[in-house]
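Commentary on secondary and tertiary structure
What follows is the residue order along each chain.
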Amino acid sequence: MRNESEERLAKLEEKYASMGQDMNAYLDGLLISNYLPYWEYVNLDTLLTLQKPRTDFPDEQIFIMYHQITELYFRLALHEMEQIAHNGRNVLPNGNDLGWNDSLDPAFLLERLQRINRYFDALTQSYGVMETGMDKEQFLRFRMALLPASGFQSAQYRKIEICATPLRNLVHRDHRDSFAATADDDKGMDAMFQHIYWKAGATEIGTGKKTLTLHQFEQKYGAELLNLAKDYRAKNIWARYASLPETDRQRPELVSQMRLLDANVNINWPLQHYRTAARYLLRDKDEVAATGGTNWQQYLPPRFMKRIFFPDLWTPQEKDEWGRSWLIAQLNEARKE
Ligand code: HEM
């Protein structure tokens, strides 16, 4: 009877032999390798060099770091979405990767949706760090040194949308109906992308012209985002959910997490973000502080753009009331149940 170490050695030998490798050479490496400290594992020193304020206002640090924290949460959400898109990775305990599964396990989808919702909850709940956690006078001064940068240029935010829903749901609401019957072949997708909702943001309020913020964003990410949309047309969250058998699709907990995701990304986070923008940029009810002159007040509130990832999961009344207080009250009630 071999002891535990011998068993492990035998397994290791097998592992390395299967790749034509000599286990003893790897064991020599192990003998001289260092123990892994925490700070190396999480790359702490590098992480802490990434905050580079453009001014000397102390609160600019808060602004930078909260954006970075948000981008990391976005990355986590995308990480889950990539796994949903590929039906979950099939990994054996010995680390051998069998590639992607052929079909989606509804329990896997449910758990990943819960995770994404948790990330968005954390972001929405922590928004006070921005909304009330910076000195307003400092913010209004240091932001002028950051133009034309804007969270509007967050590509990960757009990627989350693209990985969640068919592109037609991201068409500007004024054009959405006209694409209802458009095929999602490359030509159809190119046409829809021309009318993507965000083109209506970051425009000059006076002239309706694109701002430099939008120009820069399109130049850097336009092609990449369109390609992603094409890649995800059959594997976005909605497509994956729709691929499940009817009985799974009807499961209340799954429907509830799908709806929550829609509400989190398209109502809860945007409302909290809008409130924050309003606190800093709206001096009184009618006056907009110099913002680079964008149309953010007509663009940011969820009830105006009405982005809905999963329209089939909402009643006509809920869709009519999108982003309005009635629906928000309903959602809060549902949360308590
Ligand atoms: C004091 C804090 C903030 C203010 C005043 C603010 C203001 C704005 C404004 C005015 C816009 C509209 C586009 C423009 O005119 O530039 C915008 C868009 C946006 N911001 Fe912020 N923002 C703040 C914090 C954040 C944070 C922390 C994030 C996290 C990444 C963020 C992400 C976004 C995104 C994704 C958009 C585009 C939204 C959409 O297209 O619907 N913002 N923000």
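Just so you know, these numbers come straight off a predicted model, no measurement behind them.

The rules behind each value
Residues numbered from 1 in each chain as written. Predicted model: local features only at pLDDT ≥ 70, side-chain atom pairs only at ≥ 80, totals over all residues. Heavy atoms only, no water. Domains from an automatic or database assignment. Donors = N, O, S within 2.8 Å, 3.2 Å for Na, K, Ca; no water. Helix = DSSP H or I, 4+ residues; strand = E, 2+ residues; numbered from the N terminus. 1 Å grid on protein atoms, 1.4 Å probe; cavity = no way out; pocket = protein on both sides within 12 Å on 5 of 7 lines; lining within 4 Å. Points joined across faces, edges and corners; volume = space filled by probe spheres on them. Nonpolar A, V, L, I, M, F, W, Y, C, P; charged D, E, K, R; others polar. Salt bridge = Lys/Arg side-chain N within 4 Å of Asp/Glu carboxyl O. Buried < 20%, exposed > 50% of the residue type's maximum accessible area, 1.4 Å probe, protein only. Axes fitted to C-alpha atoms, helices over the stretch in contact; angles between N-to-C directions. Parallel < 35°, antiparallel > 145°, perpendicular 65-115°, else oblique. Left-handed = near helix turned anticlockwise from the far one by under 90°. Contact = heavy atoms within 4.5 Å.

Okay, the domain arrangement of the chain next. Assigned domains of the chain: these are domain 1 (4-33) and domain 2 (62-336). Relative placement of domain 1 and domain 2: their C-alpha centres are 46 Å apart.

Here we take up the coordination of the iron atom of the ligand. Coordination of the iron atom of the ligand by the protein comes from a single atom, His273 (NE2), at 2.0 Å. Along the chain, His273 falls in helix H15 (residues 252-281).

Let's shift gears to the layout of surface pockets. Empty space within the second largest pocket amounts to approximately 370 Å³. If you go around the second largest pocket, the residues you meet are Arg168, Asn169, Arg173, Arg176, Asp177, Ala180, Lys306, Ile308, Pro311 and Lys319. Residue classes in the lining of the second largest pocket are distributed as 3 nonpolar, 1 polar and 6 charged.

What follows is about the pattern of salt bridges. On inspection of all chains with the given rule, the structure shows 17 salt bridges. In this structure, the salt-bridge partner of Lys199 is Glu218, at a minimum N-O distance of 3.0 Å. Of this pair, Lys199 sits in the loop between helix H11 (186-194) and helix H12 (212-231) while Glu218 sits in helix H12, and the two are 19 residues apart along the sequence. Between Asp248 and Arg251 there is a salt bridge, with the nearest N and O atoms lying 3.9 Å from each other. Looking at Asp248, the relative accessible area reads 17%, which means it is buried. The class of Arg251 is partly exposed, set by a relative accessible area of 27%. Through salt bridges with shared partners, one network takes in Glu80, Glu111, Arg112 and Arg115.

Going from Leu147 to Pro148, the amide bond is cis rather than trans, its omega being 0°. Take Pro148: it is sitting in the loop between helix H8 (136-142) and helix H9 (155-164). The phi dihedral of Asn43 is positive, around 50°, even though this residue is not glycine. Structurally, Asn43 can be placed in the loop between helix H3 (38-41) and helix H4 (44-47). Although it is not a glycine, Ala202 sits at a positive phi angle of roughly 45°. Its location among the elements puts Ala202 in the loop between H11 and H12. Under the relative-accessibility criterion, Ala202 is labelled buried at 9%.

Another point: the packing of H9 against H12. A pair of packed helices is captured by two measures, namely the crossing angle of their axes and the spacing between those axes. Running from N to C, H9 and H12 cross one another at 20°; their axes reach a closest spacing of 10 Å. Compared by their axis directions, H9 and H12 come out roughly parallel. Considering the relative orientation of H9 and H12, their crossing is right-handed. Contacts between H9 and H12 pair Ala155, Arg158, Lys159, Ile162 and Cys163 from the former with Phe217, Tyr221, Glu224, Leu225, Leu228 and Ala229 from the latter. In terms of residue class, the contact of H9 with H12 is made up of 8 nonpolar, no polar and 3 charged.

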